[in-house]
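# Remarks on the overall topology
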Amino acid sequence: FPEAKLSTTIFVTRTQNNKQGCFSIRVHPGRLIEETSPKLELSSSKVLTFDPENSAIPSCTQQDWDLVVRIIDLKTILRMPEIAGSYQGEVNETNERERAVFTNRSTAPLILRGANICTYVVREASQGEEVRLDVKKFLAGKGKDAKAFAHKSNRAGFQRSSPQNNFRRIIAARIPVGSFCFDTVSYVTEESSKIDLDLLLAFLNSKILDWYFRLGSTNSKVNEYQFNSLPVPTISAEKSNVEYQPLLKKNQWPELRKLLCAECTKPGVMPESVAEALAEMSRRIQQIETERVLKNRSERSHLALESQPIQDTIDAILFCCYGLSDDASYVSKRLEEML
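Everything numeric here is computed off the predicted structure, so don't read it as measured data. (Residues numbered from 1 in each chain as written. Predicted model: local features only at pLDDT ≥ 70, side-chain atom pairs only at ≥ 80, totals over all residues. Heavy atoms only, no water.)

## Observations regarding the overall build of the chain
From N to C terminus, the chain includes 12 helices and 13 strands. Its C-alpha radius of gyration of 22 Å places the chain within 12% of the 20 Å reference for a compact globule of 339 residues. A sequence separation of at least 24 residues applies to 72% of the contacts in the chain between residues at least 6 apart. Here the chain carries 45 positive and 43 negative side-chain charges, and the mean point of each set is 3 Å from the other. (Helix = DSSP H or I, 4+ residues; strand = E, 2+ residues; numbered from the N terminus. Rg over C-alpha atoms; globule rule 2.2 N^0.38 Å. Contact = heavy atoms within 4.5 Å. Lys, Arg positive; Asp, Glu negative; His and termini not counted. Charge placed at Lys NZ, Arg CZ, Asp CG, Glu CD.)

Next up, the structure:
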């Protein structure tokens, strides 16, 4: 196709009995079909396990896919709906504008949009006009159990849209109680989560879930079904006597990493003590990022110097929990290539 300007897909099929449901994908550069182009071997059963709702076929390396299969084959691995239910922001801008519930009063609460959600914290929006809400008008006629009253709950929110070449695809932060969200934000409430929301933020802001999400994403959206397909370890109810607090208080991150990784002995299982430590590290990052003053917009794409070692420790521990400690460098490199 010498004149092709867009990506072109060719399906090659043949009638034969294929009990394993195996097939291959080859991505060729430019307009040339090369024998040396990388080949990806998959099976339909694993694709269905990877994305039960849409059966998205990933375009990735064979090593990426082999790591995915290792994760989804673990019987201890859960999916997000088993620990947290997400909802789309309670304020639909189009519908509510017709109801005239927006106001120019400076005392009215600012409605948060996706651009307000940064890693671990809410900041001033990087784009879009500020919109304020007439709360009385907005809540009029709505039942106490309606989503409109989610502003009274503790919530963790994440952006519903981020470009494929963004520094992160999943960006999550604590949403202050009393805040309202446009539908460009999705959120999990304290009531809809079986785990500490600060632990949930550690999961969502991790390298491993950002990598996993990118493999099945074909556009800029972070949809509910994609959130629901994210894998998470089982949190064991068994408590250990591991003393992590002194290391955490002294910011001894390499020592803390070694201590907690030693606790993660079964892939796909996170000991409760490790979960508690990760939640505490998440809170520490939130505190640092809340107090941090950004000098320019580009600083939104990375954490503070004091936060990054904590995040690196969280990532290393999560790689252990997913059974991918030896593959952490590969996943980190792949994330850089995906930008």
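On we go from here.
## With respect to the side chain of Ser-86
Secondary-structure assignment places Ser-86 in the loop between strand 3 (77-79) and strand 4 (87-88). Residue Ser-86 is classed as buried on the basis of its relative accessible area, which comes to 10%. (Buried < 20%, exposed > 50% of the residue type's maximum accessible area, 1.4 Å probe, protein only.)

## Considering the sheet that holds strand 3
Note: strands within a sheet are paired through backbone hydrogen bonds, in either parallel or antiparallel orientation. The 3 strands are arranged 3-12-13 in an open sheet whose pairing can be described as mixed. Each edge of the open sheet is held by one strand with a lone partner, namely strand 3 and strand 13 (269-271). Neighbour-to-neighbour, the strand axes of this sheet turn through a mean angle of 50°, independent of strand direction. (Pairing = 2+ DSSP bridges. Axes fitted to C-alpha atoms, helices over the stretch in contact; angles between N-to-C directions.)

## A closer look at the sheet that holds strand 8 (residues 155-159)
Taken in spatial order, the 4 strands of this open sheet run 4-11-8-9, and their pairing is antiparallel. For this open sheet the edge positions go to strand 4 and strand 9 (172-175), each flanked by a neighbour on one side alone. When strand 8 meets strand 9, the two strands line up antiparallel, connected through 4 bridges. Paired with Ala-156 across the strands is Arg-174, a residue of strand 9. Taken strand by strand, helix 5 (residues 197-204) contacts strand 8, strand 9 and strand 11 (185-189), and its axis lies near 160° from that of strand 9.

## With respect to the packing of helix 2 (residues 62-72) against helix 6 (residues 207-216)
Remark: helix 2 packs on helix 6, axes separated minimally by 11 Å, with the N-to-C direction vectors making an angle of 110°. The angle between helix 2 and helix 6 places the two elements in the roughly perpendicular class. In the crossing of helix 2 with helix 6, the sense of the turn from one axis to the other is left-handed. Contacts between helix 2 and helix 6 pair Asp-64, Leu-67, Val-68, Ile-71 and Ile-72 from the former with Ile-208, Trp-211, Tyr-212 and Leu-215 from the latter. (Parallel < 35°, antiparallel > 145°, perpendicular 65-115°, else oblique. Left-handed = near helix turned anticlockwise from the far one by under 90°.)

## Looking at the side chain of Arg-292
Within the fold, Arg-292 resides in the loop between helix 10 (272-291) and helix 11 (308-321). In contact with Arg-292, not counting residues within four places along its chain, are Arg-123, Glu-299, His-302, Leu-303 and Ala-304.

## With respect to the pairing of strand 12 (residues 231-236)
Bridge count for strand 3 against strand 12 is 3 bridges, and the pairing is antiparallel. By the bridge assignment, Ile-77 is partnered in strand 12 with Pro-233. Where strand 12 meets strand 13, 3 bridges bridge the pair, whose relative direction is parallel. In the strand pairing of strand 13, Thr-234 is matched with Val-269.

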